[in-house]
Amino acid sequence: MGEPNAAAQPSQEFEKVLVNSSTQVASFDTHDKTLIQKIQHFLHSTPAAVPFIVLVAAILIFGLTIGGKFFSSYTLTLILQQIAIVGILGAAQTLVILTAGIDLSIGVIMVLSAVIMGNCAVTYGLPAPIAIFIGFVVGGACGFLNGFLVSRVKLPPFIVTLGTWYVIMSTNFIYSANATIREADVAAVTKMLHLFGVSFKVGSAVFTLGVVMMVVLVLGLWYALNHTAWGRHLYAVGDDPEAAKLSGIRTSRVLLSAYTLAGLIAALAAWVSIGRNGSISPSAAVTDYNLQAITAAVIGGISLFGGRGSILGTLIGAMIVGVVSMGLNMLGADPQWKVFLTGVLIITAVAIDQWIRKVAG
């Protein structure tokens, strides 16, 4: 009976060595992955970190290349003025993308709302507050239509908003007869429509109320997304709609609210655009505001798969595009380089998002 035990002892010792060796290898692998996981977790928990680094790098590169003129407060605040409209539209787009959706109609909703505001005030002679209110009603109604078709009828967001893009754009041209409302005509009736074009100085920096509105909107939405139940539900629906539904979240209501609020924000962008541009042109509907808003969100770290990203990143993404555009203009470069670099930034942002998700999985 003793001999078999004696014979088994070396085998047991050998197994212990194998177990210890595998434990050491596993421990080494875990330690080796820890650094990568730390980077991943940092980027995952702070999605605005990468775009912020890119923004700082872009400012430094153009500043060192162009010189002190680029670093002037006037130039930097001029960039903010130029991105105010896209920044506001980007915030609206962010709400939709966080639900794993997309809104291709956000730009034409803005233009139609602006045309409605202008015609109500100038053509129909309504008081400016009522004209602006009607513009917001139109923007909210368009957003509600998108949300209803996505949340209740269960149609794909891409197809829905592509269809409403055509419907709203054609409605805009039919209603307005493609007639531009001149700045002088608006100013003769009311100055309220030009409110967000009013500028003021802080030292040598020049700000407009449109820039202030953009910052206030983004900060307000950041608070709502991070410190309210609605914000947590929005992220949950974008991350996993089935799990969100099982946990008691009314996913249809969340989706409807996101698209409707996006429409209202587009109407706000319309009011800001009137102040920025002065005149109201229905032809602005052909401008790629939709793509610019999506670009700001994607470069800002908002995941196209939904459920991840910070709205502060969207603002930074819009600033990156503004800095690149301004820098290239001051260098006298071909405008197509802006398009090229924007494309590179979009692809890079999506690749980083995929890498973060892959490591997280």
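Thresholds, definitions, all that
Numbering of residues begins from 1 in every chain and follows the order in which that chain's sequence is written. In view of the model being predicted, local features appear only for residues whose pLDDT reaches at least 70, and side-chain atom pairs are presented and counted only at 80 or more, with totals across whole chains, interfaces and linings using the full set of residues. Each side-chain value is derived from all of the structure's non-hydrogen atoms; neither hydrogens nor water enter the calculation. UniProt positions are given in the numbering used here, feature names are shortened, and annotations may be inferred rather than shown by experiment. A run of DSSP states H or I qualifies as a helix once it reaches four residues; a run of E qualifies as a strand once it reaches two. Both are numbered from the N-terminal end. Only heavy atoms matter for contacts: two residues are in contact if any of them lie within 4.5 Å across the pair. Where accessible areas are quoted, they stem from the Shrake-Rupley method and a 1.4 Å probe; at the residue level, only the protein chains shown are allowed to cover. Here a salt bridge means any side-chain nitrogen of Lys or Arg lying within 4 Å of a carboxyl oxygen belonging to Asp or Glu. One number per residue, pLDDT, summarises how confident the predictor is, and it ranges from 0 to 100. Being paired, for any two strands, means DSSP has found at least two bridges between them. To estimate the expected span of a helix, subtract one from its residue number and multiply by 1.5 Å. We call two N or O atoms a polar contact when they sit within 3.5 Å, provided that within protein one can donate a hydrogen and the other can accept it, with sequence-adjacent residues counted only if both atoms are side-chain atoms. For this analysis, a ring pair means two rings from Phe, Tyr or Trp (six-membered ring only for Trp) whose centres lie within 6.5 Å, classed as stacked if their planes differ by under 30 degrees, edge-to-face if by over 60, and tilted for the remaining angles. Side-chain atoms within 4.5 Å link the members of a nonpolar core, which is a set of buried Ala, Val, Leu, Ile, Met, Phe, Trp, Tyr and Cys residues. Note on classification: 1.4 Å probe, protein chains only; a residue is buried when its accessible area is under 20% of the maximum for its type, exposed when over 50%, partly exposed between these limits. An axis is simply a line fitted to the C-alpha atoms; with a helix, the fit covers only the stretch in contact. Between two such axes, the angle follows the N-to-C directions and lies from 0 to 180 degrees. Angular relationships are summarised with four words: roughly parallel below 35 degrees, roughly antiparallel beyond 145, roughly perpendicular across 65 to 115, and oblique for the angles in between. In this classification, Asp, Glu, Lys and Arg are treated as charged, Ala, Val, Leu, Ile, Met, Phe, Trp, Tyr, Cys and Pro as nonpolar, and every other residue, Gly included, as polar.

- The chain carries the name Autoinducer 2 import system permease protein LsrD in an unreviewed UniProt entry, which gives Ensifer canadensis as its organism.
- As stated in UniProt under Subcellular location (unreviewed entry), the record for the chain gives "Cell membrane".
- The UniProt entry for the chain carries this comment under Function (unreviewed entry): "Part of the ABC transporter complex LsrABCD involved in autoinducer 2 (AI-2) import. Probably responsible for the translocation of the substrate across the membrane."

Notes on the overall build of the chain
Then, number 1: Within the chain one finds 15 helices and 2 strands.
Then, number 2: For the chain, long-range pairs separated by at least 24 residues make up 76% of all intrachain contacts whose partners lie at least 6 apart in sequence.
Then, number 3: Carbon and sulfur atoms make up 68% of the accessible area of the chain, which totals about 17,900 Å².

Considerations on the pattern of salt bridges
Then, number 1: In the structure shown here, the tally under the stated rule is 1 salt bridge.
Then, number 2: Two residues, R182 and D185, come together in a salt bridge whose shortest N-O distance is 3.1 Å.

Focus on the confidence of the model for the chain
Then, number 1: Considering every residue of the chain, the mean pLDDT works out to 87; 89% of them sit at 70 or more.
Then, number 2: Mean pLDDT values for the elements of the chain range from 52 in helix α1 (residues 2-45) up to 97 in helix α6 (residues 128-151).
Then, number 3: Overall, residues 6-11 carries pLDDT values under 50, and its contacts beyond four positions in sequence, including any with other chains, amount to 0 contacts.
Then, number 4: Taken together, the stretch residues 13-32 has pLDDT below 50 and engages in 0 contacts with residues farther than four places along the chain or on a different chain.

Section: the pairing of strand β2 (residues 205-208)
Then, number 1: Judged from the 4 bridges that link them, strand β1 (residues 199-202) and β2 form a sheet pairing that is antiparallel. Among the inter-strand pairings, S199 is bridged to a residue of β2, identified as T208.
Then, number 2: Linking β1 to β2, which pair antiparallel, is a turn of 2 residues; within it G203 sits at a positive phi near 70°.

Notes on helix α7 (residues 157-176)
Then, number 1: Spanning 20 residues, α7 covers 28 Å between terminal C-alpha atoms, matching the ideal 28 Å at 1.5 Å per step.
Then, number 2: Residues of α7 that are buried in the fold lie against α5 (106-123), α6 and α12 (251-277).
Then, number 3: Among the residues trailing α7, A177 stands out with phi positive, at a value near 55°.

Some remarks on the side chain of T190
Then, number 1: Positionally, T190 belongs in the loop between α8 (183-189) and β1.
Then, number 2: A distance of 3.0 Å separates the side chain of T190 from the backbone nitrogen of M192, its partner in a polar contact.

Description of the packing of aromatic side chains
Here a ring pair, both rings aromatic, is described through the centre-centre distance and the interplanar angle of the planes.
Then, number 1: All told, the structure shown has 8 aromatic pairs when counted by the stated rule.
Then, number 2: Here the aromatic rings of W165 and Y166 are separated by 4.7 Å at their centres, their planes lie at 75°, and the arrangement is edge-to-face.
Then, number 3: An aromatic cluster is present here, built from F62, F70 and F71 joined pairwise through their rings.

Quick look at the nonpolar core
Then, number 1: Core analysis: the largest hydrophobic core is formed by 90 residues, its most contacted members being L89 and M110.
Then, number 2: In contact with M110, other than residues within four places in its own chain, are I85, L89, A266, A269, A270 and Y289.

Focus: the packing of helix α4 (residues 73-97) against helix α13 (residues 289-299)
Then, number 1: For the pair α4 and α13, interaxial distance at closest approach is 8 Å and the crossing angle is 70°. One way to sum up the angle between α4 and α13 is to call them roughly perpendicular. Side by side, α4 and α13 meet where I85, V86, L89, G90, Q93, T94 and I97 of the first sit next to Y289, N290, Q292, A293, I294, A296 and A297 of the second.
Then, number 2: Of the residues contributing to the contact of α4 with α13, the split by class is 9 nonpolar, 5 polar and no charged.

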